[in-house]
Protein chains: 2
Amino acid sequence: MAKKLVEFVPNFSEGRDKEKVEKIVDEARKIKGLKILDYSSDADHNRSVVTIIGSPEAVTEAAINMAKVAIQLIDMRTHHGAHPRFGAVDVVPFTPVMGVTMDECVAIANAVGKAYGEMGIPVYLYEDACTKEARRNLAAVRKGQYEGFFEKIKDPEWKPDYGPAVMNEKSGCSAVGARVPLVAFNVNLDCSDKAVADAIAKKVRNIGGGLHYVKAMGVKLEERNQVQVSMNLVNYEKSAVYQAFEMIKMEARRYGVNVVGSEVIGTVPMKALLMAAEYYLQIENFNLDEILEKRLLELEE
Amino acid sequence: MAKKLVEFVPNFSEGRDKEKVEKIVDEARKIKGLKILDYSSDADHNRSVVTIIGSPEAVTEAAINMAKVAIQLIDMRTHHGAHPRFGAVDVVPFTPVMGVTMDECVAIANAVGKAYGEMGIPVYLYEDACTKEARRNLAAVRKGQYEGFFEKIKDPEWKPDYGPAVMNEKSGCSAVGARVPLVAFNVNLDCSDKAVADAIAKKVRNIGGGLHYVKAMGVKLEERNQVQVSMNLVNYEKSAVYQAFEMIKMEARRYGVNVVGSEVIGTVPMKALLMAAEYYLQIENFNLDEILEKRLLELEE
């Protein structure tokens, strides 16, 4: 296995035509040195998300080749879907996994952004790859969406980092970034009132005065007749899973509501959960090197 | 990296003469397909413990070659040390790590035991490799130690599983076993009275009516002026780390004593700690396949 591993999770604005999605994913399958961990399409969102791991070279090549096919097959002029989006190759984040620094992922984002620019796509670098603080947050970058960018792109404040400073009608724009792994973590409550979950979410998340790296919203789980605080932890090393969990318990008490369970969505780095074990078990001087699997990953043939 | 990985942790009755220890470890260094994770010698115990990971074939070869050198260099007739022992190649446990079943580790223990027997060493199989329930527990097997085995070995109940049914004066006996990974986990208390730690240990451990797969004892930490419940969890999947931790907290309450911290000693499988995260965070339907590092280990080139 490669000693340097990067995860990248391209989001494409096509979630209904499976044949098109397969053609895009095929471009990754052709490349040696990477592995597709999974991919899924959502028809309501009309969007596909692919999770790929590989060497810096392999993910760079995949990001470029997949985009070449995607901008041929996807036409934003006829795209409709529930998920915010502003381009065919909507979002392309790179995340360090093993033996790779964040700076290296920023370099990859720049190489990929430059290539997209040469393909005629206006590119915005975001998160750790951002060139201005105002572009760090993906939601801020994408605000206005495809339809709004015909105007937004003319604003000198929103001149793209790569590519033309005019909107690409067919393909829209792309956000290319480098970021720490995002942890999707949901907490379920013994309550059926979505307003309670919303209120708790507001107290837990950054914009409500809560944890800096937590985004949260209330969700109704119709089948269970319960509500959920659905969160994205965008930096689990700084705003930890156990902190978010304890804050929700704390706020729920105000309503006489209890936590009945939680769920981790998608792939999660072991450290995000080991930090919880470390906290609750009060482990002193915890060292990730004590974890057998970490040692195994470091073994060379 | 090999797809099948076994951990083995041979314990040799030599912890003072570094040259001899190096010669024994050198035999492992010569073999392709294995990695020495670490090794340490203790002069008081006069004992060395090596932690090695490799393919089934490589660990079998290493176990045999290291023993050949050890029985040349170590003479039990002059061995003294604080740790219980009954032979030069005192204990050799094999543990499944990845892509290997316990049955395969039992088969390795038998192959190694047979080879040791042919080298003239009486061999007892223990834990999951045991041929009788009375031999499952290493402490029961080794009871009487080197000095006592000249008599004990004559008892038909203690006829070795492999090798001669008479004591090997120079090399003693060997215990060869297959077992799940052992987790060494200690919990520190805000109390300086060892009797309290002893009393708590008794309630937590199997023989005192506590958790089935937990061994525990009280220890005085002189430098900290605190006491500790020192535990071995011999099957962390059945008697979990978080259970042991919560039981100690519960028993400590009786004395008005609090847990101030804990420590994990040596290498630990991530699952042992992830089970604690799962418990405390109340994660529903937790699946180890969600852990990025587990997926990485399953990647093939």
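Residues numbered from 1 in each chain as written. Chains lettered and ligands numbered in written order. Predicted model: local features only at pLDDT ≥ 70, side-chain atom pairs only at ≥ 80, totals over all residues. Heavy atoms only, no water.

Chain A is annotated in an unreviewed UniProt entry as glutamate formimidoyltransferase from Acidaminococcus fermentans. Comment text from UniProt for chain A, heading Subcellular location (unreviewed entry), reads "Cytoplasm". Annotation of chain A in UniProt includes, under Pathway (unreviewed entry), the sentence "Amino-acid degradation; L-histidine degradation into L-glutamate; L-glutamate from N-formimidoyl-L-glutamate (transferase route): step 1/1." (UniProt positions renumbered as here; feature names shortened; annotations may be inferred.)

Notes on the interface of chain A and chain B
The partner chain B presents 44 residues to the 45 residues of chain A that form the contact. Both faces combined, the contact of chain A with chain B buries some 4,400 Å², and carbon together with sulfur accounts for 64% of it. Where chain A packs against chain B, one counts 2 salt bridges. Residues Glu284 of chain B and Arg224 of chain A are paired through a salt bridge, measuring 2.7 Å at the closest nitrogen-oxygen approach. Within the residue set of the side of chain A that touches chain B, elements represented by two or more residues are β1 (5–8), β3 (34–42), β8 (183–189), α7 (241–253), β11 (259–265), α8 (270–280) and α9 (292–298) of chain A. Looking at the side of chain A that touches chain B, its residues break down into 29 nonpolar, 6 polar and 10 charged. (Contact = heavy atoms within 4.5 Å. Buried area = accessible area lost by both parts, 1.4 Å probe. Salt bridge = Lys/Arg side-chain N within 4 Å of Asp/Glu carboxyl O. Helix = DSSP H or I, 4+ residues; strand = E, 2+ residues; numbered from the N terminus. Nonpolar A, V, L, I, M, F, W, Y, C, P; charged D, E, K, R; others polar.)

Considering the relation of the copies chain A and chain B
In the superposition of chain A on chain B (RMSD 0.1 Å, axial shift 0.0 Å), the rotation amounts to 179°. Such a combination of turn and shift is consistent with a two-fold rotation axis. The position closest to the rotation axis in chain A is occupied by the C-alpha of Ala277 of chain A, lying 2.4 Å away. (Least-squares fit on C-alpha atoms with pLDDT ≥ 70 in both.)

Focus on the side chain of Asn188 of chain A
Following the sequence through the fold, Asn188 of chain A ends up in strand β8. Contact partners of Asn188 of chain A, with chain neighbours within four places excluded, come to Leu221, Arg224, Gln226, Val227, Gln228, Asn258, Val259, Val260 and Gly261 of chain A together with Glu284 of chain B.

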